[in-house]
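Chain and residue survey
Each chain, letter by letter, is given below.
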Amino acid sequence: MGLELKTTRPVRDVRTIEDIEAIEAHPYDDLVAGRNLYHLFLATAAQVGGRKALTVLRSEDPEDIGISLTHGELLREVTRAANLFRALGVEPGSGPVAFLVPTLPEMPALLFGAQVAGVASTINYLLSRDAVVDLLDAEGARVLVVPAAELDETCWSKAQGMLDAVPSLRHVLVIGKDGGVYEEIGPMLASQNPESLDFEPAGDRDVVCALFHTGGTTGRPKLVPLTHGNQIHAAFSFAQVFAYCEEDTVINGFPFFHVGGTMTVGLAPIAAGGHVVVPGPYGLRPPGVIANYWSIVEKVRPTVIGGVPTSLSAMANSWAPGTTVSQIRMAGTGGAVCPGAVSSRFTEVTGIRVFETYGMTETAAAIAFNPGRGEPVAGSVGFRAPYSQIRIVS
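A brief look at the structure comes next.

Conventions adopted
Residues numbered from 1 in each chain as written. Predicted model: local features only at pLDDT ≥ 70, side-chain atom pairs only at ≥ 80, totals over all residues. Heavy atoms only, no water. Helix = DSSP H or I, 4+ residues; strand = E, 2+ residues; numbered from the N terminus. Rg over C-alpha atoms; globule rule 2.2 N^0.38 Å. Buried < 20%, exposed > 50% of the residue type's maximum accessible area, 1.4 Å probe, protein only. Contact = heavy atoms within 4.5 Å. Areas by Shrake-Rupley, 256 points an atom, 1.4 Å probe, with all protein chains shown as cover. Lys, Arg positive; Asp, Glu negative; His and termini not counted. Charge placed at Lys NZ, Arg CZ, Asp CG, Glu CD. Axes fitted to C-alpha atoms, helices over the stretch in contact; angles between N-to-C directions. Parallel < 35°, antiparallel > 145°, perpendicular 65-115°, else oblique. Left-handed = near helix turned anticlockwise from the far one by under 90°. Nonpolar A, V, L, I, M, F, W, Y, C, P; charged D, E, K, R; others polar. 1 Å grid on protein atoms, 1.4 Å probe; cavity = no way out; pocket = protein on both sides within 12 Å on 5 of 7 lines; lining within 4 Å. Points joined across faces, edges and corners; volume = space filled by probe spheres on them. Pairing = 2+ DSSP bridges. Salt bridge = Lys/Arg side-chain N within 4 Å of Asp/Glu carboxyl O.

Right, let's talk about the overall build of the protein for a bit. Of regular secondary structure, the protein possesses 15 helices and 16 strands. Taken over the C-alpha trace, the protein has a radius of gyration of 20 Å; the compact-globule value for 394 residues is 21 Å, and the two agree within 12%. For the protein, the spread of C-alpha atoms along the principal axes amounts to about 55 × 50 × 50 Å. The burial tally for the protein puts 59% of its 394 residues in the buried class. At a minimum sequence separation of 6, the contacts of the protein that also span at least 24 residues come to 71%. For the protein, the exposed surface amounts to about 15200 Å²; the carbon and sulfur share of it is 51%. Distance between charge centroids for the protein: 3 Å, based on 28 positive and 40 negative side chains.

Below, the structure is given as structure tokens:
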């Protein structure tokens, strides 16, 4: 390919803004080599291919593992998915592959593969059917991925009649058994080449590969396009400031229809060679996951955990004394201002420090961070990402 494959692991430990400036002394392309998301998966497979990349639980039971892939295996699944979606006519500039599905074991590799092939869109499965139809219509979705009724009855019900409701839709693919209504994605994936792409991926970082929605419950939804370069930069930025590397295991309890789930604790640790663990299809939302959270921690031995402030509060309430947490170096939080009482109580109960961050959908979540190797400042979201600028206006 003529391209040096690099993971996004830290260039140096970041503790202060001076460390950010030291990183910026290097030409950007010397540190960030990837031109598209596929390059990130090629890099991790080449450099840490035998290490764990992704584990998705089927439920709050830490023994109920739906899938567990090394970086080498994840590359194969992303390749297989990308080849399938391209064969279905998905390419840069076409209508996206839309996902109306919780984080089932198959979902992350399908999502990454859709972005490699063309454009992916993850839709909040809690929205009304009318809002979902509006989103699909607004983005001109070409393919819709949904769960079988036995896996999520609500999503399945919302998907009924979608081929008639959304004129641009050509395929509705079902994870699991669909009873002959739509197309089952499993056999379609099995027939695809997992060894290499059957097409040339985008070579321009400015090519759009994802659409996220920031509304849609009333009126016309706002769709935010993100490019390969946006997400590569965000993955690099999180890795530098949070110090993600191949030694990390990160519990990702955020939904994948939010950039927190797909980027902050999704693609970012994976691109650095780390291991992402999803604690069930609905993340931290089910009470059972919160009640069993520290059993999951005991099983998977994460180095990084986190959640929105309300989740941190609930996790503190479910704290299991005696849980081994000495390996956990940070609990990240964002999505809302974290009240001082929440972060201080979480640290008092668990002994784990809280690191606040700030981002927006429009920036692939990466704006400001408390440094993972530094000292978190309560009530502050820290400092800027490398190769970026922040301006405060009133």
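Let us keep going from here.
Moving on, we come to the packing of helix α14 (residues 309-317) against helix α15 (residues 340-350). Interhelical geometry of α14 versus α15 gives an angle of 30° and a closest axis separation of 9 Å. Put simply, α14 runs roughly parallel to α15. For α14 against α15, the interelement crossing comes out left-handed. Contact residues: α14 offers Pro 309, Leu 312, Ser 313, Met 315, Ala 316 and Asn 317, while α15 offers Val 342, Arg 345, Phe 346 and Val 349. Residues of the contact of α14 with α15, tallied by class, amount to seven nonpolar, two polar and one charged.

Quick look at empty space enclosed by the protein now. The tally for this structure, following the rule as stated, stands at three cavities of 30 Å³ or more. Considering only enclosed or pocket space, the largest cavity measures out at about 90 Å³ in volume. What lines the largest cavity is a set of 15 residues, among which Lys 6, Val 32, Ala 33, Gly 34 and Leu 40 lie closest to the centre. Breaking the lining of the largest cavity down by element, the ones donating at least two residues are α3 (37-48) and α10 (228-242). It is α3 that provides the largest number of residues to the lining of the largest cavity, a total of three residues.

Here the focus is the sheet that holds strand β6 (residues 171-175). Taking strand neighbours across the sheet as the criterion, the seven strands line up as β7-β6-β5-β3-β4-β8-β9 in an open arrangement whose pairing is mixed. Across the chains shown, the open sheet's two edge strands, defined by having one partner strand only, are β7 (183-184) and β9 (223-227). Inspection of the sheet shows strand β5 (residues 143-147) paired to β6 by five bridges, in the parallel sense. Residue pairing across strands places Val 146 opposite Val 174, the latter belonging to β6. Sitting on the sheet, α10 is in contact with β8 (208-213) and β9, with an inclination near 75° to β9.

Attention shifts here to the packing of α3 against helix α4 (residues 71-87). Contact geometry for α3 and α4: axes closest at 8 Å, N-to-C directions at 150°. Considering their axes alone, α3 and α4 lie roughly antiparallel with respect to each other. As for the relative orientation of α3 and α4, their crossing is left-handed in sense. When α3 is examined against α4, the residues Tyr 38, Phe 41, Leu 42, Thr 44, Ala 45 and Val 48 are found in contact with a partner set consisting of His 71, Gly 72, Leu 74, Leu 75, Val 78 and Thr 79. The residue makeup of the contact of α3 with α4, split by class, is eight nonpolar, four polar and no charged.

One pass over the structure, following the stated rule, counts 13 salt bridges. Close ionic contact of Arg 9 with Glu 246 constitutes a salt bridge, the shortest N to O distance being 2.9 Å. One end of the pair, Arg 9, is in the segment before α1 (17-23); the other, Glu 246, is in the loop between α10 and β10 (249-251), with 237 residues separating them in the sequence. When its relative accessible area of 37% is taken as the criterion, Arg 9 is described as partly exposed. Across the salt bridge formed by Asp 248 and Arg 329, the nearest N and O atoms sit 2.9 Å from each other. Remark: Arg 329 occurs in the loop between α14 and β13 (330-333) and Asp 248 occurs in the loop between α10 and β10; sequence separation between them is 81 residues. For Arg 329, a relative accessible area of 15% translates into the label buried.

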